[in-house]
Amino acid sequence: MKSVAEKPRFGHTELPEEQSQALRKAVKFEWITIGYLTVSTIIVFLVLGNSQAMKAAWIEDLLSFLPPISFLVAAHVIKRPPSTKHPYGYHRAVGIAHLVAAVALCVVGAYLVADSGLGLLKAEHPTIGGITLFGQTFWLGWLMMAAMALTAGPPVYLGLVKMKLARSLHDKVLYADADMNKADWMTAAAAGVGIAGIGMGLWWADAVAALIISVSILRDGVRNIRGAVGGLADARAMTYDDAHPHPLTGDIDDYLSSLHWVSEARSRTRDEGHVFHIESFVVPKSQDATIKQLEDARNACIEMDWKVQDMVIIPVGELPDEFLPGQTTGGEED
């Protein structure tokens, strides 16, 4: 019987030190983001006035709470070890958090597009009055534009930091949050232009600015919901930004195919959140592939990348090409 130290490995059970540090740093920056958003939403609310653009910017600030809160909840849940009820662990919490944030973005974005578009069609003329502070009366629009300028900078920095951490962690929730943060300056700029337009007598500028912000929210929601649903529906593993198929699957196929006892090999990869579950099918050159050969090959694949949490190699007589990526059986690949 094998000792505890000699038990076969099926993957990584804990994040390596680099990713553990990145996760702790990401948690810290998400708390910083929540603190910043609390202040910025209060500032924007105090100067809302009758501007549709300012209302849209304020609602976007409120929506910006969703990704960091979702990330923090998921970061807590994934620490639970696998159990009898959840043998694959809890890394799917990342995908669930991604979906929750994406759906909220889509719903509110669609509402704001309809609301802003209706205001434009009705030719509503927003008015921005004056305000008296410290004995001085001046146009409220100046405060609105100052609020937008004040709240535009910090999210850009936070987004750049979280983008690097998302790449290190392969975390799509963190990436979605970072992407929204990086684009916040556009929201502030659009709202500022809308307010300036009102000041110059261009009534439609406010509604157009609100519409631009609303379309941006809806676009973020649609893009993220597509990625979140794809991940939960076991679509092929993609990079953290959903831009390309993840190269690890191809690397594992290349390695397994290069082994002297393997005729051909192909794998399918399930993205569980931060980590992957991989099933590799190999066709041995002879029928006497040994347990040791299979275990050595699996261990080598595990060492390729920390994301390989669960790895199985299945010897078969021929590749089951009807469900393996890259194979065709008369139909087109999705």
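Everything here concerns the structure above.
So, a few notes on the structure that sits alongside this text. (Residues numbered from 1 in each chain as written. Predicted model: local features only at pLDDT ≥ 70, side-chain atom pairs only at ≥ 80, totals over all residues. Heavy atoms only, no water.)

**Overview of helix α7 (residues 184-199)**
Okay, so step 1: Along its 16 residues, α7 runs 23 Å from first to last C-alpha, staying within 8% of the 22 Å computed at 1.5 Å per residue.
Okay, so step 2: Along α7, the positions that sit buried rather than exposed are D184, T187, A188, A190, A191, G192, G194, I195, G197 and I198.
Okay, so step 3: Just past α7, the residue G201 takes up positive phi, approximately 90°. (Helix = DSSP H or I, 4+ residues; strand = E, 2+ residues; numbered from the N terminus. Expected span 1.5 Å × (residues − 1). Buried < 20%, exposed > 50% of the residue type's maximum accessible area, 1.4 Å probe, protein only.)

**So, the nonpolar core**
Okay, so step 1: Counting 29 residues, the largest nonpolar core has A26, F71, L165, L169 and L174 as its most contacted members.
Okay, so step 2: Of all the elements in the fold, those that place two or more residues in this core are α1 (17-46), α3 (66-77), α4 (92-121), α5 (140-169) and α6 (172-182).
Okay, so step 3: The leading source of residues in this core is α1, at 7 residues.
Okay, so step 4: Look past the residues within four positions of L174 in its chain and what remains in contact with it is A26, E30, F71, K162, L165, A166 and L169.
Okay, so step 5: Grouped together as the second largest cluster of nonpolar side chains are 27 residues, L63, A152, A191 and I213 included. (Core = buried A, V, L, I, M, F, W, Y, C linked by side-chain atoms within 4.5 Å. Contact = heavy atoms within 4.5 Å.)

**Details of the environment of F276**
Okay, so step 1: Inspection of the secondary structure puts F276 in strand β4 (residues 276-284).
Okay, so step 2: Here the alpha-carbon distance between F276 and L248, two residues 28 residues apart in the chain, equals 9.6 Å.
Okay, so step 3: Contact partners of F276, with chain neighbours within four places excluded, come to H170, A237, H246, L248, T269, R270, D271, K307, V308, Q309 and D310.

**What to know about helix α9 (residues 248-258)**
Okay, so step 1: Listing the buried residues of α9 in full gives L248, T249, I252, D253 and L256. Taken down its axis, α9 places every buried residue within 140° of arc, on the same side. The exposed set on the far side of α9, more than 90 degrees from its buried face, consists of D254 and S258.
Okay, so step 2: Of the surrounding secondary structure, the elements contacted by the buried residues of α9 are β3 (262-271), β4, α10 (291-304) and β5 (308-315). (Arc of directions from axis to C-beta.)

**Considering the packing of α4 against α6**
Okay, so step 1: Where α4 contacts α6, the two axes come as close as 8 Å, and the packing angle between them is 30°. Where α4 abuts α6, its residues V94, A97, H98 and L105 lie against K172, V173, A176 and M180.
Okay, so step 2: Among the residues making up the contact of α4 with α6, the classes are represented as 6 nonpolar, 1 polar and 1 charged. (Axes fitted to C-alpha atoms, helices over the stretch in contact; angles between N-to-C directions. Nonpolar A, V, L, I, M, F, W, Y, C, P; charged D, E, K, R; others polar.)

**What about empty space enclosed by the protein?**
Okay, so step 1: Under the defined criterion, the tally for this structure stands at 3 cavities of 30 Å³ or more.
Okay, so step 2: By volume, the largest cavity is sized at about 140 Å³.
Okay, so step 3: Taken together, 13 residues make up the lining of the largest cavity; nearest its centre are G95, K172, G231, D271 and G273.
Okay, so step 4: Of all the secondary-structure elements, those providing two or more residues to the lining of the largest cavity are α4 and α8 (203-232). (1 Å grid on protein atoms, 1.4 Å probe; cavity = no way out; pocket = protein on both sides within 12 Å on 5 of 7 lines; lining within 4 Å. Points joined across faces, edges and corners; volume = space filled by probe spheres on them.)

**Structural notes on the pattern of salt bridges**
Okay, so step 1: Inspection of the entire model under this criterion finds 12 salt bridges.
Okay, so step 2: Ionic pairing is found between E30 and K162, a salt bridge with its closest N-O pair at 3.1 Å. One end of the pair, E30, is in helix α1; the other, K162, is in helix α5, with 132 residues separating them in the sequence.
Okay, so step 3: A salt bridge links E272 to R92; its shortest N-O distance comes to 3.4 Å. Of this pair, E272 sits in the loop between β3 and β4 while R92 is found in helix α4, placing the two residues 180 residues apart along the sequence.
Okay, so step 4: Overall, the relative accessible area of 4% leaves E272 in the buried class. (Salt bridge = Lys/Arg side-chain N within 4 Å of Asp/Glu carboxyl O.)

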